[in-house]
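If you want the building blocks of each chain, they are given just below.
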Amino acid sequence: MVPQVRPRDLEAWLAARHDRKPVLLDVREPWELQRAHVAPRGLECISIPMAALPARLAELDKTRPLACLCHLGGRSMQVALYLQQQGFEDVANVAGGIHAWSLELDPDIPCY
């Protein structure tokens, strides 16, 4: 079971893991990143498109908490499940994706 974290609750999720340097894994395509992106404080952001993840899995540390992000939350949920199957210890899905992020946290992020 992958925990679902709403964007408005992400800060609390991060605070509970601050000592392990959490990562926001954005699995959207490059054109999506150009259209809308986030850079939350206290969180390293890594962009790896979903299709490229198996080949780039070694770039991620299995011991660091990962919050997966996509447009609406579907792709990131699939990635979070995959990462759990690969032995990642602390993985969550950003429920609603960057669209919810725009609605809940930062209206300057364009919805698309």
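Check the entry above for the structure.
Definitions and cut-offs
Residues numbered from 1 in each chain as written. Predicted model: local features only at pLDDT ≥ 70, side-chain atom pairs only at ≥ 80, totals over all residues. Heavy atoms only, no water. Helix = DSSP H or I, 4+ residues; strand = E, 2+ residues; numbered from the N terminus. Contact = heavy atoms within 4.5 Å. Polar contact = N/O pair within 3.5 Å; in protein donor to acceptor, adjacent residues only side chain to side chain. Buried < 20%, exposed > 50% of the residue type's maximum accessible area, 1.4 Å probe, protein only. Core = buried A, V, L, I, M, F, W, Y, C linked by side-chain atoms within 4.5 Å. Pairing = 2+ DSSP bridges. Right-handed = clockwise from strand over helix to strand, strands pointing away.

Can you break down the environment of Q84 residue by residue, with the values?
In this structure, Q84 sits in helix α4 (residues 74–85). Sequence spacing of Q84 and V2 is 82 residues, and the spatial spacing of their C-alpha atoms is 8.1 Å. With residues up to four places along the chain from it excluded, the contact list for Q84 reads M1, V2, P3 and V91. Here M1 takes part through its backbone oxygen, which lies 3.3 Å from a polar atom of the side chain of Q84.

Let's hear about the side chain of S102: which residues, and what values?
Looking at where S102 falls in the secondary structure, it is placed in helix α5 (residues 97–104). Classification of S102 by relative accessible area gives buried; the value is 6%.

Just give me the short version of the nonpolar core, but keep the residues and values in it.
Ranked by internal contacts, the top residues of the largest apolar core, which has 17 residues, are L25, L53, L60 and L83. Residue contributions to this core peak at 3 residues, all from α4. What L60 contacts, discounting residues up to four positions off in sequence, is L25, I46, I48, L53, L66, L83 and F88. With 15 residues, the next largest nonpolar core counts L14, L69, V94 and W101 among its residues.

Lay out the pairing of strand β4 (residues 66–69) with the relevant residues and their values.
Side chains L66 and C68 project from β4 onto one buried face, and the interleaved A67 and L69 project onto a second face that is buried too. In the sheet, strand β2 (residues 23–26) pairs with β4 via 4 bridges, with the strands oriented parallel. Its bridge partner lying in β4, V23 is registered against L66. Of the strand pairs in this sheet, β4 and strand β5 (residues 91–94) are connected by 3 bridges, and their pairing is parallel. By the bridge assignment, A67 is partnered in β5 with A92. Handedness of the crossover joining β4 and β5 through α4 is recorded here as right-handed.

Which residues make up the side chain of N93, and what values do they have?
Along the chain, N93 turns up in strand β5. The class for N93 is buried, based on a relative accessible area of 2%. Polar side-chain contacts of N93 include one of 3.0 Å to the side chain of Q4. Those residues in contact with N93 that lie beyond four places of it in its chain are V2, P3, Q4, V5, C68, G73, S76 and M77.

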